[in-house]
Amino acid sequence: MSKIWDATAEHLLRDLAPQVLGAVVRRFHDFASAEDAVQEAMIAAFMQWPKEGIPENPRGWLIQVASRRMTDHFRSELARQQRETAVATEVDAVAPAIDLEADMDPDDTLILLFMCCHSALTSSSAIALTLRAVGGLTTAEIANAFLVPEATMAQRISRAKQSIKASHVPFSMPTPQERTERLHAVLHVLYLIFNEGYTSSVGPQLQRLDLAREAIRLTRCVRTLLPDDAEATGLLALMLLTDARRAARTGPDEELIPLTKQDRSLWDQAEISEGIALLTAALAKGSVGAYQLQAAVAAVHDEAARAEDTDWPQILALYELLKRMTANPMVTLNHAIAAAMVHGPCRGLELLRALETDERLAGHYRLDAVRAHLLEMAGQHDAAITRYRIAAGRTTSIPERNYLMTQAARLGESATNPAQTPPPTKP
């Protein structure tokens, strides 16, 4: 037993949660009850491990505790139904062995991913449930990803669990046809998990490496399963080309460093090379999708030796294609930035007006942050300061809040000393 208990141990629990859930669901065939049992096992770990140390086999420990909770659940149900004579037989049939590690399938998490994206669920419910079960995201984080209130998302996840239970979905890898049917939802889930890992929407850290790495690992698994799918390849390329900048995105105090100020020598050239090779292979298949286009944008950024070398006209063209494919308001935000870099900030601000009545972005800090950036580019510093402060008040990410407040303070100082006004930076 190790006596170490720190942030690393907490990351370990988050990493193990979907693996444990997959093993328990496969063994007991009851998704909702298995999730409750795993949550109880996690609580037990939080209570016991700081005192007793992390077990040598933490995954096996969690599976065993969760399985015992499931056995207790079945006993309770059998007793409630007054089937005393069946208790011993049925409990023995589902009771776990002492050593459950041998019962662990390395593909359990991947199977869980496809299972949660079952056709019995609506696309939005499937994605929300999978983000919870596989990604380990909180309801608040999932709500942020969907741009909806937390209460709405809680109801959506609850209904999805009930649908899974009612549909009696088998815990097994779906057929090739079912994989194709569920692939769009699976890829979207992985995309959202990676995004939350790359830029955490809540808390003191800008990045959650555990989520980003798990998203990359699972996307590799999906691509291995479906090597000819161009969008699966494009998504993996996008993740690698984006993750390549990870080491340069924060300073020694976890402060956010914008793209234009990053030390590009810290970018991971191996990830960039692999990402570009994957993107080239995906584009060669002839069917261009949204993930491939986003990967192409990331590649243009990564291939620029300096920020001022960035090919903004090419990025603008790519976002114009993306806007035709998707109604995602975040694409419109990025398109406005690209347009401002090519045609000037007034053009970018004009494009943002189309989002003012979009309910999905009502009160969202990113809209205010982008508007502040473009107002600063246009020299409207007082208005930019106001927008930076509004954006800072609306974000739940501490590093982003600090960055936005720093931008407001910088412009405030430059107003009293114009000679020291620095060039604008991208939020």
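Residues numbered from 1 in each chain as written. Predicted model: local features only at pLDDT ≥ 70, side-chain atom pairs only at ≥ 80, totals over all residues. Heavy atoms only, no water.

Novice: It is not clear to me how helix α14 (residues 312-325) should be interpreted in this structure. Could you clarify?
Specialist: For an α-helix, 3.6 residues make a turn, and residues three or four places apart therefore share a direction. Between its terminal C-alpha atoms α14 stretches 20 Å, which fits the 20 Å expected from 14 residues at 1.5 Å a residue. If you follow the buried residues of α14, they end up packed against α13 (290-303) and α15 (329-343). (Helix = DSSP H or I, 4+ residues; strand = E, 2+ residues; numbered from the N terminus. Expected span 1.5 Å × (residues − 1). Contact = heavy atoms within 4.5 Å.)

Novice: Sorry if this is basic, but what is going on with the packing of helix α16 (residues 345-352) against helix α17 (residues 365-377) here?
Specialist: Think of two packed helices as two axes; the pair is described by the angle between the axes and how far apart they sit. At their nearest, the axes of α16 and α17 sit 8 Å apart, and the two run at 155° to each other. For the element pair α16 / α17, the angle class is roughly antiparallel. The element α16 and its partner α17 pack so that their crossing is left-handed. Counted together, Pro345, Gly348, Leu349 and Leu352 of α16 and Leu367, Val370, Arg371, Leu374, Leu375 and Met377 of α17 form the full contact between these two elements. For the contact of α16 with α17, a count of residues per class yields 8 nonpolar, 1 polar and 1 charged. (Axes fitted to C-alpha atoms, helices over the stretch in contact; angles between N-to-C directions. Parallel < 35°, antiparallel > 145°, perpendicular 65-115°, else oblique. Left-handed = near helix turned anticlockwise from the far one by under 90°. Nonpolar A, V, L, I, M, F, W, Y, C, P; charged D, E, K, R; others polar.)

Novice: Whenever I open this one, the side chain of Arg371 confuses me. Can you help?
Specialist: In this structure, Arg371 sits in helix α17. Assessed through its relative accessible area of 11%, Arg371 is described here as buried. Residue contacts for Arg371: discarding those within four places in its chain leaves Leu349, Leu352, Glu356 and Arg387. (Buried < 20%, exposed > 50% of the residue type's maximum accessible area, 1.4 Å probe, protein only.)

Novice: Where do I start with the layout of surface pockets in this structure?
Specialist: Any empty space left between the atoms is revealed when a probe the size of a water molecule rolls over them. Each pocket or cavity is described by its volume, and for the second largest pocket that value is around 430 Å³. If you trace the second largest pocket, you find 19 residues lining it, with Arg14, Ala17, Gln39, Met42 and Gly136 closest to the centre. Elements represented by at least two residues in the lining of the second largest pocket include exactly α1 (7-28), α2 (31-52) and α6 (123-133). Taken together, the residues of the lining of the second largest pocket break down into 10 nonpolar, 3 polar and 6 charged. (1 Å grid on protein atoms, 1.4 Å probe; cavity = no way out; pocket = protein on both sides within 12 Å on 5 of 7 lines; lining within 4 Å. Points joined across faces, edges and corners; volume = space filled by probe spheres on them.)

Novice: Would you take a moment to explain the confidence of the model for the protein chain for this structure?
Specialist: Interpretation of this model should avoid reading the predicted coordinates in detail wherever pLDDT is low. Here the protein chain averages 84 in pLDDT, and 85% of its residues register 70 or above. A low-confidence stretch, residues 82-104 (pLDDT under 50), is modelled with 37 contacts involving residues beyond four sequence positions or located in other chains. Overall, residues 421-427 carries pLDDT values under 50, and its contacts beyond four positions in sequence, including any with other chains, amount to 24 contacts. (pLDDT = per-residue confidence, 0-100.)

Novice: Honestly, a nonpolar patch on the surface in this entry has me stumped. Any pointers?
Specialist: Together, Leu283, Val288 and Met325 make up an exposed nonpolar region whose accessible area comes to about 240 Å². Its place among the elements puts Met325 in helix α14. (Patch = residues over 30% accessible without salt bridge, like charges linked within 9 Å, V, L, I, M, F, W, Y side chains within 5 Å. Areas by Shrake-Rupley, 256 points an atom, 1.4 Å probe, with all protein chains shown as cover. Salt bridge = Lys/Arg side-chain N within 4 Å of Asp/Glu carboxyl O.)

Novice: Is there a simple way to explain the side chain of Asp368 in this structure?
Specialist: Secondary-structure assignment places Asp368 in helix α17. Within the local environment of Asp368, its side chain forms a polar contact with the side chain of Arg394, the two groups lying 2.5 Å apart. Not counting the four nearest positions on each side in its chain, Asp368 is found in contact with Arg387, Ile390, Ala391 and Arg394. (Polar contact = N/O pair within 3.5 Å; in protein donor to acceptor, adjacent residues only side chain to side chain.)

Novice: What exactly am I supposed to notice about unusual backbone geometry here?
Specialist: Peptide bonds are trans in most cases, and residues, glycine excluded, mostly fall at negative phi. Phi at Glu254 takes a positive value of approximately 65°, unusual for a residue other than glycine. Mapped onto the elements, Glu254 comes out in the loop between α11 (230-243) and α12 (269-283).

Novice: Honestly, empty space enclosed by the protein in this entry has me stumped. Any pointers?
Specialist: Across all of its chains, the model carries 1 cavity of 30 Å³ or more by this definition. The wall of the largest cavity is formed by Arg14, Asp15, Pro18, Val134, Gly135, Gly136, Ile193, Arg208, Asp210, Leu211 and Glu214. Going through the elements one at a time, α1 and α10 (209-225) are the ones with two or more residues in the lining of the largest cavity. By residue class, the composition of the lining of the largest cavity is 4 nonpolar, 2 polar and 5 charged.

Novice: Whenever I open this one, the pattern of salt bridges confuses me. Can you help?
Specialist: In the structure shown here, the tally under the stated rule is 18 salt bridges. In this structure, Asp302 and Arg245 form a salt bridge, with 2.8 Å as the shortest nitrogen-oxygen distance. Of this pair, Asp302 sits in helix α13 while Arg245 is found in the loop between α11 and α12, placing the two residues 57 residues apart along the sequence. Residue Asp302 is classed as buried on the basis of its relative accessible area, which comes to 7%. For Arg245, a relative accessible area of 9% corresponds to the buried category. A salt bridge links Arg387 to Asp368; its shortest N-O distance comes to 2.7 Å. Separated by 19 residues along the polypeptide, Arg387 in helix α18 (residues 381-394) and Asp368 in helix α17 bring together distant segments of the chain. Here Asp368 falls in the buried class, since its relative accessible area comes to 3%. Among the charged side chains, a salt-bridge network with shared partners connects Glu141, Arg208 and Asp210.

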